[in-house]
Amino acid sequence: MNALFIATGNSHKTQEIAGMLGADFVVSDLSSRPELPEVEETGTTFSENARLKAVEISKQIQGFILSDDSGLEVDALGGEPGVYSARYAGQGKGTAENNAKLMREMKGKENRSARFQCVMVLAEAGEVLAEYAGCVEGSIISEQRGSEGFGYDPLFIPDGYDLTFAELGDDVKNQLSHRARALAPMISFLREKLS
Ligand code: ITT
């Protein structure tokens, strides 16, 4: 069994990553270490924030630390909410408010194209070992559909499908998501390191 710590407080990310990693990995995340101070996401890119999270946590916890910084870029909104996806409706606001704001901002917009971006960083003892990015193109619909997944999933239809990520569910999402595409090369890297 290989232990991997995910430097996230988002249980949905952990669940998706654990599902894609396979049974030979034992995964834990920040929910098991509530005493650790929150890492401030002061970066302006996914890469900067992913590096901040992985490096900071790897100074406090031994072993391999994986971080995920991700978000939604909407073309008609000039790339917003982007790195600010988690706090789009303001600090302390949640998914319902973020999705309501996105629907409001997209009202009447003809260009619906958008993409989810994800950058994953692997760190150990304060050093970055690897970084990979993944992206999935799609479009934003006007009303939420589906109950699976998390975040903006009920508003995002990946290209080539008619259903949202929240309707498609994890089995499909984990085959084509931004997270899946960043994690695939990371898994190869990790397996090489561990062998
Ligand atoms: P950690 O920083 O603790 O990992 P977080 O949720 O704050 O958790 P981010 O700063 O990376 O993570 O923000 C990611 C946000 O982007 C997330 O809260 C969602 O709003 C959105 N997002 C990212 N991946 C998504 C996905 O697969 N489906 C839907 N929304 C997603």
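Residue positions are given per chain, counting from 1 as you read along its sequence in written order. Where local features are concerned, this predicted model is filtered to residues with pLDDT of at least 70; where side-chain atom pairs are given and counted, the filter is 80 or more; whole-chain, interface and lining totals use all residues. To get the side-chain values, take all heavy atoms of the structure and skip hydrogens and water.

A. The arrangement of the pairing of strand 2 (residues 25–29) in detail. Pairing between two strands requires that DSSP report at least two bridges joining them. Working definition: helices are DSSP H or I runs of at least four residues, strands are E runs of at least two. Numbering for both runs from the N terminus. Sheet analysis places strand 1 (residues 2–6) next to strand 2, joined by five bridges and oriented parallel. The partner of Asn2 across the bridge, within strand 2, is Phe25. Here is how to tell: hold the view so the strands point away, follow the path from the first strand over the helix to the second, and if it runs clockwise the crossover is right-handed. At this point the chain moves from strand 1, through helix 1 (residues 11–21), to the parallel strand 2, and the crossover so formed is right-handed.

B. Local environment of the site of the ligand. Taken together, 20 residues lie around the ligand, and Thr8, Lys13, Lys53, Asp153 and Lys173 are the ones closest in. Measuring from an oxygen atom of the ligand, one finds a side-chain N or O atom of Lys13 at 2.8 Å. Separating an oxygen atom of the ligand from a side-chain N or O atom of Lys173 is a distance of 2.7 Å. Using a 1.4 Å probe, accessible areas were evaluated by the Shrake-Rupley method; residue-level cover was limited to the displayed protein chains. Relative to its unbound accessible surface of 610 Å², the ligand loses 88% to contact with the protein. Among the detected pockets, the ligand sits in the largest pocket. In the scheme used here, Gly and all other residues not listed as nonpolar or charged are polar, with Ala, Val, Leu, Ile, Met, Phe, Trp, Tyr, Cys and Pro taken as nonpolar and Asp, Glu, Lys and Arg as charged. The residue makeup of the shell around the ligand, split by class, is four nonpolar, eight polar and eight charged. Any residue with a non-hydrogen atom lying within 4 Å of a molecule or strand is treated as near it. A 3.5 Å cut-off defines polar contacts: any pair of N or O atoms within that distance qualifies, except that in protein one atom must be a possible hydrogen donor and the other a possible acceptor, and neighbouring residues in sequence count only when both atoms are side-chain atoms. For cavity detection a 1 Å grid was placed over the protein atoms alone, and a set of points counts as a cavity when a 1.4 Å probe fits there but cannot get out; an open set counts as a pocket when protein lies on both sides within 12 Å along at least five of seven lines, with lining residues being those that have an atom within 4 Å of a point. By definition, a pocket or cavity contains a molecule when more than half of the molecule's atoms lie within 2 Å of the pocket's grid points.

C. Molecular detail of the packing of helix 1 against helix 6 (residues 178–194). Lines fitted to the C-alpha atoms define the axes, with helices restricted to the stretch that makes contact. Angles between their N-to-C directions range from 0 to 180 degrees. The interhelical angle for the contact between helix 1 and helix 6, taken along N-to-C directions, is 50°, at an axis separation of 10 Å. The orientation of helix 1 relative to helix 6 falls into the category oblique. Judged by the sense of rotation from one axis to the other, the crossing of helix 1 with helix 6 is right-handed. Within the contact between the two elements, helix 1 uses Lys13, Glu16, Ile17, Met20 and Leu21 and helix 6 uses Arg179, Ala180, Leu183, Ile187 and Arg191. Counted by class, the contact of helix 1 with helix 6 contains six nonpolar, no polar and four charged residues. What sets the label is the angle itself: under 35 degrees gives roughly parallel, over 145 gives roughly antiparallel, 65 to 115 gives roughly perpendicular, and the rest give oblique. Less than a right angle of anticlockwise turn of the near helix away from the far helix marks a crossing as left-handed, whereas a clockwise turn marks it as right-handed. Contacts are residue-level and defined by heavy atoms, with any inter-residue pair within 4.5 Å sufficient.

D. How the structure looks around the side chain of Lys53. Structurally, Lys53 is set in helix 2 (residues 46–58). Aside from chain neighbours lying at most four places away, what touches Lys53 is Ala7, Lys13, Val39, Glu41, Ser67, Asp68 and Asp69.

E. Molecular detail of the pairing of strand 1. Across two bridges, strand 1 lies against strand 3 (residues 65–74) in parallel orientation. Its bridge partner being in strand 3, Phe5 is matched across the sheet by Ile65.

F. Main features of helix 3 (residues 95–105). Considered for burial, the residues of helix 3 that qualify are Asn98, Asn99 and Leu102. Here the buried residues of helix 3 occupy an arc of 95° about the axis, which is enough to place them on one side. For helix 3, the exposed residues lying more than 90 degrees away from the buried face are Ala96 and Arg104. Each element contacted by the buried residues of helix 3 is listed here: strand 3 and strand 5 (127–140). Throughout, exposure labels follow a simple rule: accessible area from a 1.4 Å probe, protein chains only, divided by the maximum for the residue type, with under 20% read as buried, over 50% as exposed, and the rest as partly exposed. In this description, one arc is meant: the one made by directions from the helix axis to the C-beta atoms.

G. The layout of surface pockets, seen in detail. Grid points are joined across faces, edges and corners, and a volume is the space filled by probe spheres set on the points. Taken as a whole, the largest pocket holds about 1100 Å³ of empty space. Surrounding the largest pocket, 39 residues form its lining, Asn10, Lys13, Glu41, Lys53 and Ala86 being those nearest its centre. For the lining of the largest pocket, the secondary structure elements donating two or more residues are helix 1, helix 2, strand 3, helix 3 and helix 6. The biggest single contributor to the lining of the largest pocket is strand 3, with four residues. Considered class by class, the residues forming the lining of the largest pocket number 13 nonpolar, 14 polar and twelve charged.

H. View of the environment of Gly126. Within the secondary structure, Gly126 sits in the loop between strand 4 (113–124) and strand 5. Setting aside residues no more than four positions away along its own chain, Gly126 makes contact with Val55, Ser58 and Lys59.

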